[in-house]
Amino acid sequence: MEFQAEWITNSRETGSICPVFRKQWKTKQPVKKAVLYLTALGVYEARLNGKPVGEEVLAPGWTVYEKRLQYQTYDLTPLLEASNELRILLGKGWFRSPMPGWMETEDQKRRAVQPGGILGEIHLTYTDGSTEVLASDESWEWAESQVLFSEIYDGEIYDAEEKTEAFESVKLLDWSKEILIPQEGERIREMEVVEAKEVFTAPNGETIVDFGQEITGYVEFTVAARAGARVRFTHGEVLDAEGNFYNENYRSAKASVCYTCREGVQTWHPRLTFFGFRYIRLEEFPGTPSPRQFRGIAVYSELKRTGELSCSNEKLNQLFSNIFWGQKGNFLDVPTDCPQRDERLGWTGDAQVFVKAASYNYDVEKFFIKWLHDLGAAQRADGAVGQVIPDYLPEGAPSAAWGDAAAICPWQIYLTYGNPKVLRDQFESMKKWVDYITNATKEADLWIGGTHFGDWLGLDAPAGSYKGSSREDFIASAFYAHSTELLVKTGKVLGKEVGDYEKLQQRIVEKFRQTFPDCRTQTEYVLAIWFGLAENPKDFADKLAKMIERDGTQMKTGFVGTPYLLHVLSKYGHTELAYSLLLREEYPSWLYPVEKGATTIWEHWDGIMPDGKFWSPDMNSFNHYAYGAVADWIYEEAAGIHTMEEAPGFARVYVEPKPDRRLQWLKASIQTRHGLVESKWTVTDAGIRFEITVDMPAVIRISGMERTVEPGSYTFWG
Ligand code: BGC
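Residues numbered from 1 in each chain as written. Predicted model: local features only at pLDDT ≥ 70, side-chain atom pairs only at ≥ 80, totals over all residues. Heavy atoms only, no water.

Where an unreviewed UniProt entry is consulted, the protein appears under the name alpha-L-rhamnosidase, with the organism given as Candidatus Limivivens merdigallinarum. The UniProt entry for the protein carries this comment under Catalytic activity (unreviewed entry): "Hydrolysis of terminal non-reducing alpha-L-rhamnose residues in alpha-L-rhamnosides." (UniProt positions renumbered as here; feature names shortened; annotations may be inferred.)

Printed below as a string of structure tokens:
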């Protein structure tokens, strides 16, 4: 769309006070339709005649703003009156934020001082067919709003006391309109309400509200107060060993809210920021707080739930719930590592690790397509992919297993949903990434050298390091092979010439085998097997199984190895061991955090240690979805629901459940583009009963017997 509108901004500096813009007009003749197109350099909230113009929050969302800025479209018709006032409140959002909080980069400084602004057009169509456009220009006005401060990490300050507003003329702002694109991702919305469970006094005397569930969003409260009284609170995820409020792990993010009341009963929530939290600590609150006065509002991208997981083990069910909540809490327009500390960035490694589980749990096709467009837009001149997208760490070295999101994510989105569009859109970006490695390596046909995150948070890390012991050149070369393989497959789907890459891939495999004939760590075994690099994968898998047993039947893997660990075991005859790892309750394991009361997935298996102490506050998120990737093993291996590369999007499905008698039953389902696939198994005295429903043709394999079936519901015994 061609915009006639101009960018407008406040005519003078307001310090931290958020400006509100307005356009007033009178309806001259009967209106058939009124449409608003709106965007901002920052985040906005728009109201017509006091009512929200739509359900969107934190619009226009987060993209690579230098190149792509979404605008939203709203139907104003039902809100029109004889005299109209459109008001647009503008916050800093991601656009002017000092992200990330632990660094001071040139890019950050640039961002912090760049001007905010809005651009909007109201298109009126009258009943006689004539039209009129009210485009943002010098006739629009602005004033200081009651939001005295709002920022992604630090929170919001609001003054609800009555005051007279002084509107002034806006200033035009010279900013590109070329960057404008229509809304591409899912809308960000208030998706769920979580009522407060309890208000209690902690041992140290502080007043704490517990929502019983870690969410991402904000707290809405209702309070009866005298004018000038204050509500002040800070967000936290967990309580410490004594049961006191704790949020040192937010690092520099203040994550607090301060609200000055007007007279009377009032309900309010922040509008231009969000938090990751389960608890709030009330620092000031008029009267005696009761749970009924607080509601947690979960804000995330409007994703449709497609996956269901359940079983006879309540702890596993809690793990499943934590995985879903981990996704909801981190799929707020961009797949972020975490929603609470001074980070909340679109870490490529985390997204890559979780994309498969994410795509079964929810319909994330649109969500990922948008983010991948940003990944492509942010790709550096030499093809390097940033550590985070949008690339708020432009000086950060491209790391193996992080940059590979460029190939892994599109391929998975294609497999899950079957639409080659994502491959078409990303093909050039994938190629550039592979070429980047080809040019960056110190030795042809491997990826040697570079600065990487290694097997991030691997449990075999030497003391004091976050990186596991797996060799970085090993990991980097393995991912080089994998991304090249995915590029070749993509090229074949699209009918592109990829012969040279096919040869490259073969050379990488050969050279890899010569260079890394043995594996030294669990993660090395996992990668060699899963990426087709091991000459004899079964032999490697047996060795891996022995290594795990020697290690005390516990994983030592980190970000890079963990997602594939159980897959590799169950694929090569070690299903029982895979279940042993899954069902383990002591640290380190998926169920240990559950034992400790987790309601989302933790960054560290021992974010809270057995003695109740915390992992160092410098990196201890309690809502880090990455290890929730284990969900894809539950769908694919435990329940047996597999995509087929030759029939992507579940046009056909391969079902091969792998039960374990330590559970009485397990059930998984995915609502796919071709209908439902559901698989349940139950351990009975007469053997194991398998109940499988498929809306698409399927190949079902049970107890070594394979059958090709039409859509329908089937029961088998095994
Ligand atoms: C983030 C991660 C990320 C990592 C990269 C951390 O600070 O939270 O999840 O992938 O850095 O090393």
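Here the narrative resumes.
Asks: Explain the UniProt feature "domain: Bacterial alpha-L-rhamnosidase N-terminal" (unreviewed entry) in the protein to me, using residue names and the numbers behind them.
Replies: The sites that carry the UniProt feature "domain: Bacterial alpha-L-rhamnosidase N-terminal" (unreviewed entry) are, in the present numbering, residues 30–172. A distance of 31 Å separates the end C-alpha atoms of residues 30–172, which is 6% helix and 48% strand. (Helix = DSSP H or I, 4+ residues; strand = E, 2+ residues; numbered from the N terminus.)

Asks: Can you break down the packing of helix α11 (residues 562–571) against helix α12 (residues 575–583) residue by residue, with the values?
Replies: For the pair α11 and α12, interaxial distance at closest approach is 7 Å and the crossing angle is 150°. Judged by the inter-axis angle, α11 sits roughly antiparallel to α12. For the pair formed by α11 and α12, the contact residues are Leu565, Leu566, Leu569 and Ser570 on the first element and Thr575, Leu577, Ala578, Leu581 and Leu582 on the second. (Axes fitted to C-alpha atoms, helices over the stretch in contact; angles between N-to-C directions. Parallel < 35°, antiparallel > 145°, perpendicular 65-115°, else oblique. Contact = heavy atoms within 4.5 Å.)

Asks: Describe in detail empty space enclosed by the protein, supporting the description with residues and values.
Replies: Evaluation of the coordinates by the stated rule reveals five cavities of 30 Å³ or more. Approximately 70 Å³ is the volume attributed to the largest cavity. As for the largest cavity, its lining consists of Leu319, Asn322, Trp590, Pro593, Val594, Ile601, Trp602, Trp605 and Tyr627. Elements represented by at least two residues in the lining of the largest cavity include exactly α2 (314–330) and α13 (591–595). Within the lining of the largest cavity, the residues separate by chemical class into eight nonpolar, one polar and no charged. (1 Å grid on protein atoms, 1.4 Å probe; cavity = no way out; pocket = protein on both sides within 12 Å on 5 of 7 lines; lining within 4 Å. Points joined across faces, edges and corners; volume = space filled by probe spheres on them. Nonpolar A, V, L, I, M, F, W, Y, C, P; charged D, E, K, R; others polar.)

Asks: Quick one: what's the story with the site of the ligand, residue by residue and with numbers?
Replies: Contacts to the ligand come from Asp337, Arg341, Glu343, Trp347, Asp350, Trp402, Phe453, Trp456, Phe559, Glu603, Met619 and His624. Take aspartate 350: an N or O atom from its side chain is 2.5 Å from an oxygen atom of the ligand. Here tryptophan 402 contributes a side-chain N or O atom positioned 3.0 Å from an oxygen atom of the ligand. Its free accessible area being 310 Å², the ligand has 95% of it covered by the protein chains. The class makeup of the residues in the shell around the ligand is six nonpolar, one polar and five charged. (Near = heavy atom within 4 Å. Polar contact = N/O pair within 3.5 Å; in protein donor to acceptor, adjacent residues only side chain to side chain. Areas by Shrake-Rupley, 256 points an atom, 1.4 Å probe, with all protein chains shown as cover.)

Asks: Residue-level account of the packing of helix α9 (residues 522–530) against α11, with values.
Replies: Relative to each other, α9 and α11 sit at 65°, their axes nearing to 9 Å. For α9 against α11, the interelement crossing comes out left-handed. Residues Val526, Leu527, Ile529 and Trp530 of α9 lie in contact with α11, whose contacting residues are Tyr564, Leu565, His567, Val568 and Lys571. Class assignment of the residues belonging to the contact of α9 with α11 gives a composition of seven nonpolar, one polar and one charged. (Left-handed = near helix turned anticlockwise from the far one by under 90°.)

Asks: I'd like a description of the UniProt feature "domain: Alpha-L-rhamnosidase concanavalin-like" (unreviewed entry) in the protein, backed by residues and values.
Replies: What UniProt calls "domain: Alpha-L-rhamnosidase concanavalin-like" (unreviewed entry) maps, in this numbering, to residues 202–300. The straight-line gap between the two end C-alpha atoms of residues 202–300 is 30 Å; of that span, 0% is helix and 58% is strand.

Asks: Explain the sheet that holds strand β2 (residues 19–26) residue by residue, including any values.
Replies: Taken together, the six strands give an open sheet; going across it, the order is β5-β4-β7-β2-β10-β13, and neighbouring strands pair in antiparallel fashion. Bordering the open sheet on either side are β5 (51–52) and β13 (168–169), each of which pairs with just one other strand. Here β2 pairs with strand β7 (residues 83–91) via seven bridges, running antiparallel. The partner of tryptophan 25 across the bridge, within β7, is asparagine 84. (Pairing = 2+ DSSP bridges.)

Asks: Now, about the nonpolar core: what can you tell me, with residues and values included?
Replies: The biggest cluster of nonpolar side chains holds 212 residues, and the ones touching the most others in it are Trp94, Phe294, Leu319, Phe368 and Trp371. Leave out the neighbours within four places in its chain, and tryptophan 371 touches Val334, Pro335, Gly346, Thr348, Ala351, Ile389, Ala405 and Cys409. Of all hydrophobic cores here, the second largest spans 27 residues; its members include Tyr44, Val53, Ile88 and Ile122. (Core = buried A, V, L, I, M, F, W, Y, C linked by side-chain atoms within 4.5 Å. Buried < 20%, exposed > 50% of the residue type's maximum accessible area, 1.4 Å probe, protein only.)

Asks: How would you explain the environment of alanine 40 if you had to name every residue and give the values?
Replies: Within the secondary structure, alanine 40 sits in strand β3 (residues 31–41). Separated by 193 residues in sequence, alanine 40 and phenylalanine 233 have C-alpha atoms that sit 29 Å apart. Excluding its chain neighbours within four sequence positions, the residues that come into contact with alanine 40 are Trp7, Pro60, Leu69, Leu90, Gly117 and Ile118.

Asks: How would you summarise the side chain of histidine 373 if you had to cite specific residues and measurements?
Replies: Tracing the sequence through the fold places histidine 373 in helix α4 (residues 365–378). Side-chain polar atoms of histidine 373 contact the side chain of aspartate 425, separated by 2.7 Å. With residues up to four places along the chain from it excluded, the contact list for histidine 373 reads Arg68, Glu184, Asp425 and Gln426.

Asks: Go over the sheet that holds strand β26 (residues 307–311), please, and point to the residues and values.
Replies: Strands sit in the order β26-β31-β32-β33-β36 across an open sheet of five strands; the sheet is antiparallel. Both edges of this open sheet fall to β26 and β36 (712–717), since each of them pairs with a single strand only. Across the sheet, the mean angle separating the axes of adjacent strands is 5° when strand polarity is ignored. Where β26 and strand β31 (residues 665–672) come together, five bridges link them in antiparallel fashion. When the sheet's bridge partners are listed, serine 310 is paired in β31 with lysine 667.

Asks: Describe the environment of phenylalanine 294, with residues and values.
Replies: For phenylalanine 294, the location among the structural elements is in strand β25 (residues 294–301). Separated by 178 residues in sequence, phenylalanine 294 and glycine 116 place their C-alpha atoms 32 Å apart. Setting aside anything within four residues of it in sequence, one finds phenylalanine 294 in contact with Glu195, Ala196, Val199, Val209, Phe211, Val219, Glu220, Phe221, Ile280, Leu282, Phe285 and Pro289.

Asks: Residue-level account of the environment of phenylalanine 245, with values.
Replies: By the element assignment, phenylalanine 245 lies in strand β21 (residues 245–246). For the pair formed by phenylalanine 245 and isoleucine 208, sequence separation is 37 residues and the distance between their alpha carbons is 7.3 Å. Residues contacting phenylalanine 245, with those up to four places away along its chain left out, are Glu206, Ile208, Thr234, His235, Gly236, Leu239, Tyr279, Ile280 and Arg281.

Asks: Account for the side chain of threonine 416, with residues named and values stated.
Replies: Among the structural elements, threonine 416 can be located in helix α5 (residues 405–417). What threonine 416 contacts, discounting residues up to four positions off in sequence, is Ser359, Tyr360, Thr643, Gly649 and Phe650.

Asks: Can you tell me about the pairing of strand β12 (residues 155–159), naming the residues and giving the values?
Replies: Pairing geometry for strand β11 (residues 147–151) and β12, over four bridges, is antiparallel. Bridged to phenylalanine 149 within β12 is isoleucine 157. Here β11 folds back onto β12 in antiparallel fashion, the turn holding three residues. Here β12 runs beside strand β22 (residues 256–260); their pairing, made up of five bridges, is parallel. Along β22, the bridge assignment pairs glutamate 156 with valine 257.

Asks: I'd like to hear about helix α10 (residues 537–550), residue by residue, with values.
Replies: With 14 residues, α10 should reach 20 Å at 1.5 Å per residue; the first-to-last C-alpha distance of 20 Å fits that figure. Within α10, burial applies to Phe540, Ala541, Leu544, Ala545, Met547 and Ile548. Each buried residue of α10 lies within a common arc of 160° when the element is viewed along its axis, so the set occupies one face. Exposed and oriented more than 90 degrees from the buried face of α10 are Lys546 and Arg550. Where α10 is buried, its residues touch α9, α11 and α12. (Expected span 1.5 Å × (residues − 1). Arc of directions from axis to C-beta.)

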